[in-house]
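Below, each chain spelled out in residue letters.
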Amino acid sequence: MSGPSALWCAGHAMRETVPMRYLMLIAPASNRAYAQGADRLAAAELAICTHARTEVEVTELAGVGYLRFATEEPLSAAQLLIVARQSTFLALFELTAEDLLRPVPVPAATLFDDDLLTIPKYPGKTNEQFTRLLVNITLAAVQRPAADTPWTVLDPLAGRGTTAAVALTLGLNAAGVEGDQKSVEAMSAFWKTWLRRKRLKHSADMSPVRRDGKSLGRRFDATVQPPDAPERPRLELTVFTGDTRQSAKLFGKRRFEAIVTDAPYGVVHGASTDVRGVSGKRDRSPAGLLREAIPVWASQLKPGGALGISWNTHGLTREELAEMMAGAGLEALQDGPWLRFGHRVDSSIQRDVLVARRPIDQNEQ
Ligand SMILES: C[S@@+](CC[C@H](N)C(=O)[O-])C[C@H]1O[C@@H](n2cnc3c(N)ncnc32)[C@H](O)[C@@H]1O
């Protein structure tokens, strides 16, 4: 997959063009992911994915929410695919000169059936629609040349693999690290059943990881041939069990175009939280973990690659997180639509999103 930056250039200056007006219908289920404000997040996501080359406005027609935007020329197939892949996309219409809605067909957004994302249900799962948003905007921040092989998205706090599943459905390779071995085992069991049931050409195996005669945990590896696309390479997934701060050791020299993760929320369950392995008082807060993990993750990014994190702002401010990113040599994207993703999940979780890019050093590529 190449960077989408060139896709949205609207028209060519010298020509007289009639602007095209579009309305994207937002899926009604979106509010489940965000309590409220789904349309605001959707507008920010679309603005970022179109590289802000078009103003995106939230609007209502007969009580139904849409995103409204205009382009100088009809959307190309590549641009339609970007719209179809929006996390809240339901349908696209052209607003005609007579102010009527004309349906616009869009290409298939994903390579695999959506039940890869919707069947797994478990406590601590990141909403799949929100995960799609996080993946979309992080990929939009990547500045890398087009490649012959698919990009890889790493989720270093992988849980049972929602980010990995989103990445694969978009035609990308996926990788992960997760501290809870049971989660990786559950992911492996689900994927094996799902791949078999869908009759896809695949391999899927859980195996021990040993270095210098010592057991380091386990890994789940899978490959899958996208259906109806024999010309595409098999997509690959690797998830290690282990502490995320060991991610660079586990993956060795491998580097990633994008790292996308939903950080533990630091919400107390009994005596502990969903933050693993950070000692002392900081145990309950994800801040201690992120402070130690972000430099490791930054070292795993290719130049021009991007890191997208969602986190609970109760306990860690945007400024603190941006400082951690800067300390690891990353440039946080902190203007316009990038600042419009804050939303309430429940009484103890106020979630926000921060994306940062590893600068391209002229000496390295
Ligand atoms: C918010 S959850 C992510 C859920 C995931 N996106 C999903 O949908 O399954 C955060 C995850 O981080 C994991 N975690 C917390 N501390 C960790 C650590 N030090 N190393 C590795 N994983 C850790 C937790 O076990 C949990 O699965």
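About the cut-offs
- Residues numbered from 1 in each chain as written.
- Predicted model: local features only at pLDDT ≥ 70, side-chain atom pairs only at ≥ 80, totals over all residues.
- Heavy atoms only, no water.
- Near = heavy atom within 4 Å.
- Polar contact = N/O pair within 3.5 Å; in protein donor to acceptor, adjacent residues only side chain to side chain.
- Areas by Shrake-Rupley, 256 points an atom, 1.4 Å probe, with all protein chains shown as cover.
- Nonpolar A, V, L, I, M, F, W, Y, C, P; charged D, E, K, R; others polar.
- Helix = DSSP H or I, 4+ residues; strand = E, 2+ residues; numbered from the N terminus.
- Buried < 20%, exposed > 50% of the residue type's maximum accessible area, 1.4 Å probe, protein only.
- Lys, Arg positive; Asp, Glu negative; His and termini not counted.
- Salt bridge = Lys/Arg side-chain N within 4 Å of Asp/Glu carboxyl O.
- Contact = heavy atoms within 4.5 Å.
- Domains from an automatic or database assignment.
- Buried area = accessible area lost by both parts, 1.4 Å probe.
- Pairing = 2+ DSSP bridges.
- Axes fitted to C-alpha atoms, helices over the stretch in contact; angles between N-to-C directions.

Caption draft 1: Here's a closer look at the site of the ligand. Within the structure, the ligand sits among 23 residues, and Tyr-122, Thr-126, Thr-162, Glu-178 and Arg-276 are positioned closest to it. Tyr-122 places a polar side-chain atom, nitrogen or oxygen, 2.6 Å from an oxygen atom of the ligand. Separating a nitrogen atom of the ligand from a backbone N or O atom of Thr-244 is a distance of 2.9 Å. Look at the ligand: alone it shows 610 Å² of surface, and the protein chains cover 95% of it. Along the lines of polarity and charge, the residues of the shell around the ligand split into 8 nonpolar, 8 polar and 7 charged.

Caption draft 2: Structural view of the environment of Gly-329. Secondary-structure assignment places Gly-329 in the loop between helix H10 (318-327) and strand E13 (331-332). Along the chain, Gly-329 and Tyr-66 lie 263 residues apart, while their C-alpha atoms are 38 Å from each other.

Caption draft 3: Examining the side chain of Glu-45 more closely. Residue placement: Glu-45 occurs in helix H2 (residues 38-49). Among buried charged residues, Glu-45 stands out as having no salt bridge; its nearest opposite-charge side chain is Arg-132, 6.8 Å away. With sequence-adjacent residues up to four places away left out, Glu-45 is seen in contact with Gln-86, Ser-87, Thr-88, Arg-132, Leu-133, Asn-136, Ile-137 and Phe-341.

Caption draft 4: Representation of the domain arrangement of the protein chain in the model. For the protein chain, the domain assignment lists domain 1 (19-103) and domain 2 (115-357). Placing the centre of domain 1 and that of domain 2 at their C-alpha centroids yields a distance of 27 Å. Tallying the contact residues gives 19 residues for domain 1 and 17 residues for domain 2. It is Tyr-34, Ile-48 and Arg-85 in domain 1 that bury the most area against domain 2; as a group they hold 35% of the surface buried on that side.

Caption draft 5: Molecular detail of the sheet that holds strand E3 (residues 64-71). The 5 strands are arranged E2-E3-E1-E4-E5 in an open sheet whose pairing can be described as antiparallel. Two strands bound the open sheet, and with one partner strand each, they are strand E2 (57-61) and strand E5 (101-103). The mean angle between the axes of side-by-side strands here comes to 40 degrees, regardless of whether they run parallel or antiparallel. Relative to E3, strand E1 (residues 20-26) runs antiparallel, the two sharing 6 bridges. When the sheet's bridge partners are listed, Met-20 is paired in E3 with Thr-71. Against the sheet, H2 engages E1, E2 and E3, with an angle of about 20 degrees to E3. Lying on the sheet, helix H3 (residues 77-84) is in contact with E1, E3 and strand E4 (89-95); it crosses E4 at an angle near 135 degrees.

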